[in-house]
Amino acid sequence: MDKIREQLHRLHEGKSLDAEEYLELILGRDAVRVEAAALACEVRDRIYGRRVFIRGLIEFTNYCRNNCYYCGIRAGNVNADRYRLSLQEILTCTDAGYELGFRTFVLQGGEDPYYTDEMMTELVRGIRERHPDCAITLSVGERSRETYRLWKEAGADRYLLRHETINPEHYASLHPEGMSHENRLRCLRDLKELGFQVGAGFMVGSPGQTEEDLAAELCFLREFRPHMVGIGPYVPHQDTPFAKEPAGTAELTTFLLSLIRLTLPEVLLPATTALGTVDALGREKGIRAGANVVMPNLSPVDVREKYLLYDHKICTGEEAAQCIACLKERIRTTGCEIVVDRGDHKDKERQ
Ligand code: SAH
C-alpha cells in the first residue's frame, strides 16, 4: 500500500514509471483511486483551470469498409441502417454548433471511401471559411501520409485515431486479418509529424485485454505523447462477434484517466460518451478523475440512432441544444465549467 502510494506521488512529481510500477498501481487501484483523482485534478487545474472544453461531434457517415469485431457499424453488420450526410448538411451542423458555443468540430465516421480526398478537402475548406476561429478535427481512420498532408494544408488542425491496443497480438484478436496494427501506428506517427494535434486511445476492458496490456498502454502514451487521449469502456453491440463479451467498467476507466493525466499533465482528456453509457454519472466521474473535455453530439437527430458503435448509447434522442444544456448542468456539479474556446493543447499555444 505504501509502496504504491509512493509510486503515485512519484508520477505526480513528473518522474516516469515503468510497466511493472504501472501494473502495481492498476492492481492496487482500490486503495489509491481517491488520492489519484485528487492529484490528477490538481494537475489539470494548475494547467487548464477548472475549464472544460467542448467538441461538437458530427457523425457524418456510418458506412465502413472495416470489420472490427467490437464495432456496431462494421461492414459485416447487415442490420445497420446506413446513412451519409451531404457536405451541405455537415456545414449546417457546424453553423448550429457555432451558435451554441462550439469552437471545435469533430468530423467522425466509419472508413467510407465515398468521401474522397477531394470531398474532405472541400469540406475542411468550407468549415474553415465559415468559422475561421474554430478548430477542425478529423476522425476518419487510416489514410496515406499524402492524404493527411492534403487535409492539413486545407486547414484541418487535429486528428483522432485511437490505436485501440498497443499489443500487436491483442490487436490481431480484435480485428480481422488484413487490418494492420503497424499501419495504424504509422498513421499516428505521420499525423504527428505533419503537425496535427493527435489523439490516440483505446477501449478499457476490450475482450482479451489484460492488466499488463493496460500498463503497456500507459508506457506507450508516455513515449508517444499524444496531445489527446480518448479512452472509454468497451460496450458490447448485439450484432457483432463480441456481443456476449462483458463491458468495461467506469471504475477502471476513471482510474486510468487519473493515471493518464498524471503521466501527461497537459493532455486533453475527454470524459467519453461510452463512459456515460456504462454509468449514468460516468462523464461527471471522468471530470472528477482529471478529464477536461466532453464531446456532445451535433449530428442531426434523425441519424443519431444509426451511429451505434455499441448498444444503449446515450443522448441519441436529443437536439444539440438540449444536450449542451444538460451537459452544462452536469459539469457544474463537478465544480468545473464548460467554456466557449477552441481548447487547444498547450503545445499549440506556445507556437
Ligand atoms: N473510423 C474511425 C472512427 C472510429 S469510431 C477510426 O477508425 O478512427 C471511434 C472509436 O469508438 C473507435 O476508435 C473505438 O475505440 C470506439 N469503439 C468502437 N466500438 C466500440 C464499442 N463496442 N465499445 C466502445 N467503444 C467502441
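For the structure, see preceding data.
(A) Local environment of the site of the ligand. As a structural note, the neighbourhood of the ligand is formed by 17 residues, with Tyr-70, Gly-109, Arg-162, Glu-164 and Val-235 the closest of them. Separating an oxygen atom of the ligand from a side-chain N or O atom of Arg-162 is a distance of 3.0 Å. In the model, a nitrogen atom of the ligand is placed 3.3 Å from a nitrogen or oxygen of the Leu-309 main chain. Taking 550 Å² as the accessible area of the ligand by itself, protein coverage stands at 92%. Class assignment of the residues belonging to the shell around the ligand gives a composition of nine nonpolar, five polar and three charged.

(B) Up close: the sheet that holds strand β2 (residues 56-61). The strand order across the open sheet formed by six strands is β2-β3-β4-β5-β6-β7, and the pairing between neighbours is parallel. Of all strands in the sheet, those with a lone pairing partner are β2 and β7 (228-233), marking the two edges. Pairwise comparison of adjacent strand axes, ignoring direction, gives a mean angle of 20° for this sheet. Two strands pair when backbone bridges link them, and strand β5 (residues 158-160) and strand β6 (residues 197-204) are joined in this way by three bridges, in the parallel orientation. From the neighbouring strand, Arg-158 faces β6, where its bridge partner is Gln-197.

(C) Geometry of the sheet that holds strand β1 (residues 51-54). Across the sheet, three strands lie side by side as β8-β1-β9; this open sheet has parallel pairing. Bordering the open sheet on either side are β8 (293-294) and β9 (337-339), each of which pairs with just one other strand. Relative to β8, β1 runs parallel, the two sharing two bridges. Within β8, the residue paired with Phe-53 across the bridge is Val-293.

(D) Layout of the pairing of β2. Counting buried residues in β2 gives six out of six residues, a clear majority hidden from the surface. Where the polypeptide runs from β2 across helix α4 (residues 87-99) and back to strand β3 (residues 104-109), its parallel neighbour, the crossover connection is right-handed.

(E) Seen up close, the pattern of salt bridges. For the structure on display, the rule yields 32 salt bridges. The partner of Lys-3 in a salt bridge is Glu-24, and the shortest N-O contact between them spans 3.2 Å. Taken together, the residues span a long stretch of sequence, with Lys-3 in helix α1 (residues 2-12) and Glu-24 in helix α2 (residues 19-27) at a distance of 21 residues. Judged by its relative accessible area of 23%, Glu-24 is partly exposed.

(F) Examining unusual backbone geometry more closely. Positive phi, normally seen in glycine, also occurs at Arg-225, with a value near 50°. Assignment of secondary structure puts Arg-225 in the loop between α9 (211-224) and β7. The class for Arg-225 is partly exposed, based on a relative accessible area of 45%. Despite not being glycine, His-312 has its phi angle at roughly 65°, a positive value. Residue classification places His-312 among the exposed residues on the basis of a relative accessible area of 71%.

(G) Local environment of the environment of Gly-290. Position of Gly-290 among the secondary structure elements: in the loop between α12 (282-288) and β8. Sequence-wise, Gly-290 and Pro-270 are 20 residues apart; in three dimensions their C-alpha atoms are separated by 9.3 Å. The residues contacting Gly-290, other than those within four sequence positions of it, are Ala-40, Cys-41, Arg-44, Arg-261 and Leu-269.

(H) Representation of the side chain of Asp-279 in the model. Its place among the elements puts Asp-279 in the loop between α11 (273-278) and α12. Setting aside residues no more than four positions away along its own chain, Asp-279 makes contact with Ala-250 and Lys-285.

What counts and how
Residues numbered from 1 in each chain as written. Predicted model: local features only at pLDDT ≥ 70, side-chain atom pairs only at ≥ 80, totals over all residues. Heavy atoms only, no water. Near = heavy atom within 4 Å. Polar contact = N/O pair within 3.5 Å; in protein donor to acceptor, adjacent residues only side chain to side chain. Areas by Shrake-Rupley, 256 points an atom, 1.4 Å probe, with all protein chains shown as cover. Nonpolar A, V, L, I, M, F, W, Y, C, P; charged D, E, K, R; others polar. Pairing = 2+ DSSP bridges. Helix = DSSP H or I, 4+ residues; strand = E, 2+ residues; numbered from the N terminus. Axes fitted to C-alpha atoms, helices over the stretch in contact; angles between N-to-C directions. Buried < 20%, exposed > 50% of the residue type's maximum accessible area, 1.4 Å probe, protein only. Right-handed = clockwise from strand over helix to strand, strands pointing away. Salt bridge = Lys/Arg side-chain N within 4 Å of Asp/Glu carboxyl O. Contact = heavy atoms within 4.5 Å.

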